[in-house]
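Okay, here's what each chain looks like letter by letter:
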Amino acid sequence: MFTSLLAPQLLTLYALVGSAGYVHFRGREKLRLGRQIVDHSTFLAPYNVLMYAFSGVPNKPVLPVETFPELKTISDNWEAIREEAVRLFDEGRIRAATANNDWGFYSFFRSGWKRFYLKWYDDPLPSAQALCPRTVALVQSIPSIKGAMFTVLPAGAKLGGHRDPFAGSLRYHLGLVTPNSEDCRIFVDGVQCSYYDGQGFVFDETFIHWAENKTDKSRIIFFCDVERPMSNRVMSRVNRWVNKHVVKISQSPNTEGEKVGGLNVAFSYLYELHHAARKLKDWNRRVYYALKYSAMVGGLALIVVSAVR
């Protein structure tokens, strides 16, 4: 019996449960337990705990921008970046996904949030190279920037509390065209950061965060993911390999014909199942949750049975 408890399937399950528990209780703000169990951050928790354990920067919700001196190149050129972003905005190119091919941000689109990708854990997008070459050149001059985009949060919009799933990077927001008001802000584990033109901040997106724009003016920002510095070379290499070969499968296009990552190809097919689940939830929440948790318990039971046989 004791040997069965050390079966590989159960050791994997222990690691997942233990690390997911750490992620859930990390920080002051938490998701509801039921939501955390099925949240994408739960399934990446073992990797993320490694990132926290070997992080070369403090594990805090918000970090001083000076921690990443390479970002000064971006902030020093914010007006040139703003010029390209405003042109894209005026042309209607900063927009929601035109198909079900942006799993990472699809829930934001309902709030009116929009984006234009510059690069996403790979080479720059062809549309970005053609339409905003100066910003792309700046981004490409900084190897630690793994993903970047322009985003818009409309007047009166709000993004609900959530965790991003990947701790191998930290996020930088730089105000380009903002209301310059405390009423346009993001809360990261309860820490408030407001948006002002030409000013930026870095935060750990795996803490619970939510944003709101309580003004009558849209917010346009430069948004990028910066590689998390690690405390040793081995973990740096691991994180870079994951950045290069795994995270890029969530790539989404700006225009038709651009590359779609494997995760988003799968999402385009799974969306119909997701849509059916939402309709079931709207019809009867009790039935929806009964089926959802029954499937989860059944999956766990299969793992345990396979281990003890």
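Quick note: structure is the one above.
This text gives an overview of the structure that appears in the document. The structure presented is a predicted model; accordingly, all values stated were derived computationally and were not measured.

## What to know about the overall build of the protein chain
Okay, step 1: Within the protein chain one finds twelve helices and ten strands.
Okay, step 2: In the protein chain, which comprises 309 residues, the share counted as buried stands at 45%.
Okay, step 3: A sequence separation of at least 24 residues applies to 75% of the contacts in the protein chain between residues at least 6 apart.

## Details of empty space enclosed by the protein
Okay, step 1: The final tally for this structure, using the stated rule, is one cavity of 30 Å³ or more.
Okay, step 2: Volume-wise, the largest cavity comes out at about 120 Å³.
Okay, step 3: Considering the residues around the largest cavity, the lining is formed by 18 residues, among which Phe 108, Leu 159, His 173, His 209 and Phe 223 are closest to the centre.
Okay, step 4: Of all elements in the fold, only strand 4 (158–162), strand 5 (169–177), strand 9 (209–213) and strand 10 (219–227) reach the threshold of two or more residues within the lining of the largest cavity.
Okay, step 5: In terms of residue class, the lining of the largest cavity is made up of eleven nonpolar, four polar and three charged.

## Considerations on the sheet that holds strand 9
Okay, step 1: Here we have four strands laid out as an open sheet, ordered 4-9-6-7, and antiparallel in their pairing. Taken across any chain shown, the strands that pair with only one partner, and hence form the sheet edges, are strand 4 and strand 7 (191–195). Sheet twist, expressed as the mean angle between neighbouring strand axes with direction ignored, is 20°.
Okay, step 2: One ladder, built from five bridges, connects strand 6 (residues 181–188) with strand 7; its direction is antiparallel. Residue Arg 185 lies in a different strand from strand 7, and its bridge partner there is Ser 194.

## A short note on the sheet that holds strand 1 (residues 62–63)
Okay, step 1: Taken together, six strands build an open sheet; the order of strands is 1-8-5-10-3-2 and the sheet is antiparallel. A single partner strand is all that each edge strand has here, and the edge strands are strand 1 and strand 2 (114–120).
Okay, step 2: Strand direction decides the pairing type here: strand 5 and strand 8 (residues 200–203), joined by four bridges, are antiparallel. Paired with Leu 174 across the bridge in strand 8 is Gly 200.
Okay, step 3: Together, strand 2, strand 3 (145–153) and strand 10 form the strand contacts of helix 9 (residues 133–140), whose direction differs from that of strand 2 by roughly 50°.

Rules of the game
Residues numbered from 1 in each chain as written. Predicted model: local features only at pLDDT ≥ 70, side-chain atom pairs only at ≥ 80, totals over all residues. Heavy atoms only, no water. Helix = DSSP H or I, 4+ residues; strand = E, 2+ residues; numbered from the N terminus. Buried < 20%, exposed > 50% of the residue type's maximum accessible area, 1.4 Å probe, protein only. Contact = heavy atoms within 4.5 Å. 1 Å grid on protein atoms, 1.4 Å probe; cavity = no way out; pocket = protein on both sides within 12 Å on 5 of 7 lines; lining within 4 Å. Points joined across faces, edges and corners; volume = space filled by probe spheres on them. Nonpolar A, V, L, I, M, F, W, Y, C, P; charged D, E, K, R; others polar. Pairing = 2+ DSSP bridges. Axes fitted to C-alpha atoms, helices over the stretch in contact; angles between N-to-C directions.

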